[in-house]
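Summary of the model geometry
Read off the chains here:
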Amino acid sequence: MRRIAVTLLTLLALLLGLTSSPAVAEEKLPVPWSFLPTAVTGGASLSFSAPGTNDWSCKPSKAHPRPVVLVHGTFGNGNTNWQTYGPLLKNAGYCVYALTYGQLSKALPLSILGGFGSMKASARQLKRFVAKVRRHTGAAKVDLVGHSQGTLMPQYWVRYLGGRKHVRNYVSLAPLWHGTQVADVTALLNPVFGGEDSFPACTACAQFGTGSAFMKKIRKGKVASKGIRYTNIMTRYDELVIPYSSGRQKGMRNLVVQDYCATDFSEHFEIAADPIAARLVLNTLDPKRAKKVGCTVVLPFIGPLGANAE
């Protein structure tokens, strides 16, 4: 009788999974380290989310209590821009979300891409998206990781639309806190269209100018908002943020990838897939688990040669 009881208990334990068999680890998503062609071939459709992003059932862990919101750049979207950071952050245990903002009318070409509209309007879209993220995850605050326009536009939400209390880390790839000289030519055309807020096709492009009204509003008073940890990650080879040092801002942590790896030739686009920049981002989001920043040869657009630094 005793032998039968032991046998039954053993079978019950097996059925309930109470035996000491090892847990099966969640399969990791592949992380590409090349902006091209990955962003084009992997993220060409707006109907999809970047791998690892927008799982609305995800619940933040104790190790990573804040969800990460990815904010794309001009002519990007929540899919194309984040083929690297979606799976990278998901694999690291974060709840990751990416929106598309500032789209043109669906009747126009390139309507699957975003970042064209006024950054003031885009900031309102970001506000609604973060509210949705917080509602689904139960998190009081989020961490932002932005690229290009996605480093500047969110600050309008932070400063003027009540976003400051909802952000802890604000991490910027290829930031332009002082604007870019590339956009200064739009100032010559603004009178023709009735001002930068009416600039056609790409209103945000006119707002990037170093002397634009939008830039003056962002820079009014103290740029860095109290209670937010800002980190700027720049590349000396940035061809769109000119000078690249426009990404430096007093009151913020300012990093240049070439100070960590002289053979990193990432430019404005590849920095969004660069393994050296990625390690800096991971270390910033989770300093308690920081790892040494590696170094390898990273080519513009196409990424690292040989073993990557991550």
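Going by the structure above, here's the rest.
Residues numbered from 1 in each chain as written. Predicted model: local features only at pLDDT ≥ 70, side-chain atom pairs only at ≥ 80, totals over all residues. Heavy atoms only, no water.

**Considerations on the nonpolar core**
Val69, Leu126, Leu144, Leu152, Trp157 and Tyr170 are the most contacted members of the largest nonpolar core, which totals 39 residues. If you list the elements that add at least two residues to this core, you get strand 1 (68–71), helix 4 (119–137), strand 3 (142–147), helix 5 (149–160), strand 4 (167–173), helix 7 (203–207) and helix 8 (213–219). When residues in this core are grouped by element, the largest group, 6 residues, is from helix 4. Setting aside residues up to four positions removed in sequence, Leu126 forms contacts with Val69, Val71, Leu99, Met153, Pro154 and Trp157. The next biggest cluster of nonpolar side chains, apart from the first, holds 29 residues, and it includes Trp33, Ala50, Ala278 and Val293. (Core = buried A, V, L, I, M, F, W, Y, C linked by side-chain atoms within 4.5 Å. Buried < 20%, exposed > 50% of the residue type's maximum accessible area, 1.4 Å probe, protein only. Helix = DSSP H or I, 4+ residues; strand = E, 2+ residues; numbered from the N terminus. Contact = heavy atoms within 4.5 Å.)

**Focus on the sheet that holds strand 3**
Picture the strands of a sheet paired through backbone hydrogen bonds; they go either parallel or antiparallel. The parallel open sheet is built from 6 strands, whose spatial order is 2-1-3-4-5-6. Each of the sheet's edge strands pairs with one partner strand only, and the pair in question is strand 2 (96–98) and strand 6 (253–256). Going from strand to strand, the sheet's axes swing by 20° on average, the running direction of each strand aside. Bridge count for strand 1 against strand 3 is 4 bridges, and the pairing is parallel. Bridging from a neighbouring strand, Val69 pairs with Leu144 of strand 3. Against the sheet, helix 5 makes contact with strand 1, strand 3, strand 4 and strand 5 (229–234), and its axis sits at roughly 150° relative to strand 4, the strand it touches most. Relative to strand 4, helix 10 (residues 275–285) is tilted by about 170°, and along the sheet it contacts strand 1, strand 3, strand 4, strand 5 and strand 6. (Pairing = 2+ DSSP bridges. Axes fitted to C-alpha atoms, helices over the stretch in contact; angles between N-to-C directions.)

**What to know about helix 5**
Taking 1.5 Å per residue as the helical rise, helix 5 with its 12 residues ought to reach 16 Å, and the 17 Å between its terminal C-alpha atoms agrees with that figure. Burial of helix 5 is extensive: 10 of the 12 residues sit out of reach of the surface. Positive phi appears at Gly162, one or two residues downstream of helix 5, with a value of about 80°. (Expected span 1.5 Å × (residues − 1).)

**A look at the pattern of salt bridges**
One pass over the structure, following the stated rule, counts 4 salt bridges. Two residues, Arg66 and Asp143, come together in a salt bridge whose shortest N-O distance is 2.9 Å. Of this pair, Arg66 sits in the loop between helix 2 (38–42) and strand 1 while Asp143 sits in strand 3, and the two are 77 residues apart along the sequence. Residue classification places Arg66 among the partly exposed positions, given a relative accessible area of 21%. (Salt bridge = Lys/Arg side-chain N within 4 Å of Asp/Glu carboxyl O.)

Everything listed here is a matter of geometry and, on its own, says nothing about what the molecule does.
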